[in-house]
Every structure is written in structure tokens, then in C-alpha cells.
Amino acid sequence: MEFTIKAFAKINVSLDVLSKMANGYHEIRSVMQSVDLCDEITLKLRSERGIRIETNLRYLPNDRRNLAFRAAELFFSETGLIDRGADIRIKKRIPVCAGLGGGSSDAAAVLRALNIMTEAGMDLQTLEKMGERLGSDVPFCVAGGTALAAGRGEILLDLPPLPDCRVLICKPGFSCSTPELFEKTDKKPPLRHPDTDGITEALRAGLIKDIAQRMYNVFEEALPRQAGAVSEIKSAMSDAGALGTVMSGTGPAVFGLFDDPAGAALAYERLNKIYRDCFSVIPVRKHL
């Protein structure tokens, strides 16, 4: 039996780095949101051991370097189903190395799918705890929706859904090194921090403009020199009517929030002529 599941991208409406913890990880505080840009994952259980990964992108690893592989491996180990295996096909739509959580979402989707397929009966908290061992964004991606993430990302507080809006995502043609950005914030603390409390209050009030105006990502202060495209994309979105723009995660993908679909369409038309990875999407509510 085959089972197909969607792995939704995430955006960071705000992202703050508070400190470096004794275990080497960083304490963060971030309002995170799922959007309907997604990878599609098809799984088939096997009666013998072994995990096989197949993707539509040749350059992606098909072994333990792939987080979806490690998610399946961990699931079978934790449930005692050590004599089972899985064939996993991943159709990638979420750009890789973009700050959109594609790999984390794939891993979380594999956990959700295997829980259903094997009838293991694990609850949300157990799956999130399992995801914590795979990566900082995986716990959020298990259920997605809208949440305040703290700690290294594993402490989650559900928030009211992002009000109806259009989210335009655009990724410039370069990558950012996550370790390098964290190292830069360690050496030179951010001059500005997002108004995370203000965003959570605006979410509870359903005020999209107040949310958009408070968005900020401290990693924008630590971007490398070639990252001028981030500012250019933000300006293009603002000129087309975006209520607010910000980089997601450790980048370099940028997103803007629009309450006017025509403005989002105009920005998409302009940016899609320059950048290959442009997506006009909507927020997704919690899916577990």
C-alpha cells in the first residue's frame, strides 16, 4: 500500500536569537507559520529492513544525509519495528537551502505518515519529541500551523492562525551558511530585535497589518556581501503593496504579506522575470 502526504514549507514571521546555550545550540524565539508550498512524499512499507529514498532532484542525497531517511530510521527504532523498512519518494517543490524548512518538513511528514501507516498510535507530543532529535525546525513541522517557537525550536506554543492574506515568497540565487550566520550573531549581537510579543498580540486580534509591520529577522544584519538581492526583493514587494517583508530562517528566501491579491500578483510578475524560485501561496492551519 502506498501513502502520499504533503510536507508544507514554513516561514519565520519573526526570528530572534537570544543567546548561545551551554550545549552549543542557540536559544531562539520565533513566530512560525506553515504555507501551502509543499513537497509531496509517497511512502510504501516493506516487510524487510532497509530504507530507500528517491527524489526528483539528482543532487539530493538518498542515504542518511537525507533527513527523511533518518526520520524513517528513527521511527522504526523507537517503535520497535526494527524488521520493517520503507520506500520513500520525495517530489521536491520547496527550494533547498532557502530558510523554508524543506528538509525538516519532509522529515516531519515521514514521521506523520509512518505513524498512520503502521498504526503506531503515537500522539502529537511524542512525534514532536522524536522530531527534536532530527533538527530544530522538525518539531514545529510535525503539526505546523501558527506557533511561537522557543528554546532551540522545540518549545512550541500554539497561536491563532495568521489572518487571510497572500504570501509571496522569492528566493535569490545564492545560499547562506547557517553556522556562519549564527557565528556572526555571536560575535556581533543584533542591533535590533523583533517585536515578538506585539506580533502574538496582533495574531490574537487578527490584525494582519500590525503583524506585517512588526516582522523582523535578526539574521538580516549578518548577511554576506552578495546578499544585496534580499534588499532588492524586499523593495520590489513593498513597491507592489506588501504590508511587510522579511527574510525567512537563515535565508536567503524572502517573503511579503499582502492583503491585496492584485498587489501580490504584480510583485510576482515582476520578480518571476528575474528569479526562478517565486511562489504565491497562502497560510496553512495546523494539520495534526
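Right above here is the structure, for reference.
Only a predicted model underlies this, so the values are computations on that prediction, with no experimental measurement involved.

Asker: Could you clarify how one ought to interpret the overall build of the protein chain in this entry?
Answerer: Counting its secondary structure elements, the protein chain contains nine helices and 12 strands. Taking 19 Å as the expected radius of gyration for a compact globule of 288 residues, we find that the protein chain reaches 19 Å, a close match to that expectation. With respect to the principal axes defined by its C-alpha atoms, the protein chain has extents near 55 × 45 × 40 Å. Out of the 288 residues belonging to the protein chain, those deemed buried represent 55%. Expressed as a percentage of contacts within the protein chain between residues at least 6 apart in sequence, the contacts between residues at least 24 apart total 75%. Within the structure as shown, the protein chain displays about 13200 Å² of accessible surface, and the carbon and sulfur contribution to it stands at 48%. With 37 positive and 37 negative side-chain charges, the protein chain shows a separation of 4 Å between the mean positions of the two kinds.

Asker: Explanation requested: the nonpolar core in the structure shown.
Answerer: When a protein is soluble and globular, its nonpolar side chains tend to lie buried together. Counting 68 residues, the largest nonpolar core has I41, L43, I88, V110, M237 and L271 as its most contacted members. Formed by 28 residues, the second largest nonpolar core is a distinct cluster that contains V35, L37, V167 and A253.

Asker: Help me out: how do you make sense of the packing of aromatic side chains in this one?
Answerer: One pair of aromatic rings is described through two measures. These are the centre distance and the angle between the planes. Within the structure shown, the criterion is met by two aromatic pairs. Pairing F75 with F76 gives two aromatic rings, centres 6.1 Å apart and planes at 75°, and the pair type is edge-to-face. This pair shows no difference in class: F75 is buried, exactly as F76 is. Their ring planes at 80° and their centres at 4.9 Å tell us that F182 and F219 sit as a pair that is edge-to-face. Remark: F219 occurs in the loop between β8 (216-217) and α8 (228-239) and F182 occurs in helix α5 (residues 178-187); sequence separation between them is 37 residues. The ring of Y25 has R152 lying over it, and the distance from NZ or CZ to the ring centre is 4.0 Å.

Asker: What is the right way to look at unusual backbone geometry in this model?
Answerer: Where the residue is not glycine, phi is negative for most of them; where a peptide bond is considered, it is trans in most cases. Residue P252 is bonded to the preceding G251 through a cis peptide linkage, with omega at 5°. You can see P252 is positioned in the loop between β9 (244-247) and β10 (254-258). Even without being a glycine, C97 presents a positive backbone phi close to 50°. Position of C97 relative to the elements: it lies in the loop between β4 (85-91) and α2 (102-117).

Asker: What am I meant to see in the side chain of R152 here?
Answerer: With respect to the secondary-structure elements, R152 resides in the loop between β5 (146-150) and β6 (155-158). No salt bridge forms around the buried R152; measuring N to O, its nearest opposite-charge neighbour E132 is 4.9 Å away. With near-sequence residues (within four places) excluded, R152 lies in contact with M21, Y25, H26, I28, E132, G135 and S136.

Asker: Looking at this structure, I do not really get the sheet that holds β10. What am I missing?
Answerer: Sheets are built from strands that pair by backbone hydrogen bonding, the pairs being arranged parallel or antiparallel. Taken in spatial order, the four strands of this open sheet run β9-β10-β7-β11, and their pairing is antiparallel. Here the strands that pair on one side only, and so sit at the sheet edges, are β9 and β11 (277-281). Sheet twist, expressed as the mean angle between neighbouring strand axes with direction ignored, is 15°. Relative to β11, strand β7 (residues 166-171) runs antiparallel, the two being bridged by five bridges. By the bridge assignment for β11, C170 is matched with C278. Across the sheet, α8 lies against β7, β9 and β10, angled at about 10° from β10, the strand it touches most. The strands touched by helix α9 (residues 261-272) within the sheet are β7, β10 and β11, with β7 carrying the most contacts at an inclination of about 10°.

Basis of the calculations
- Residues numbered from 1 in each chain as written.
- Predicted model: local features only at pLDDT ≥ 70, side-chain atom pairs only at ≥ 80, totals over all residues.
- Heavy atoms only, no water.
- Helix = DSSP H or I, 4+ residues; strand = E, 2+ residues; numbered from the N terminus.
- Rg over C-alpha atoms; globule rule 2.2 N^0.38 Å.
- Buried < 20%, exposed > 50% of the residue type's maximum accessible area, 1.4 Å probe, protein only.
- Contact = heavy atoms within 4.5 Å.
- Areas by Shrake-Rupley, 256 points an atom, 1.4 Å probe, with all protein chains shown as cover.
- Lys, Arg positive; Asp, Glu negative; His and termini not counted.
- Charge placed at Lys NZ, Arg CZ, Asp CG, Glu CD.
- Core = buried A, V, L, I, M, F, W, Y, C linked by side-chain atoms within 4.5 Å.
- Phe/Tyr/Trp six-rings, centres within 6.5 Å; stacked < 30°, edge-to-face > 60°.
- Lys NZ or Arg CZ within 6 Å of the ring centre and 35° of its normal.
- Salt bridge = Lys/Arg side-chain N within 4 Å of Asp/Glu carboxyl O.
- Pairing = 2+ DSSP bridges.
- Axes fitted to C-alpha atoms, helices over the stretch in contact; angles between N-to-C directions.

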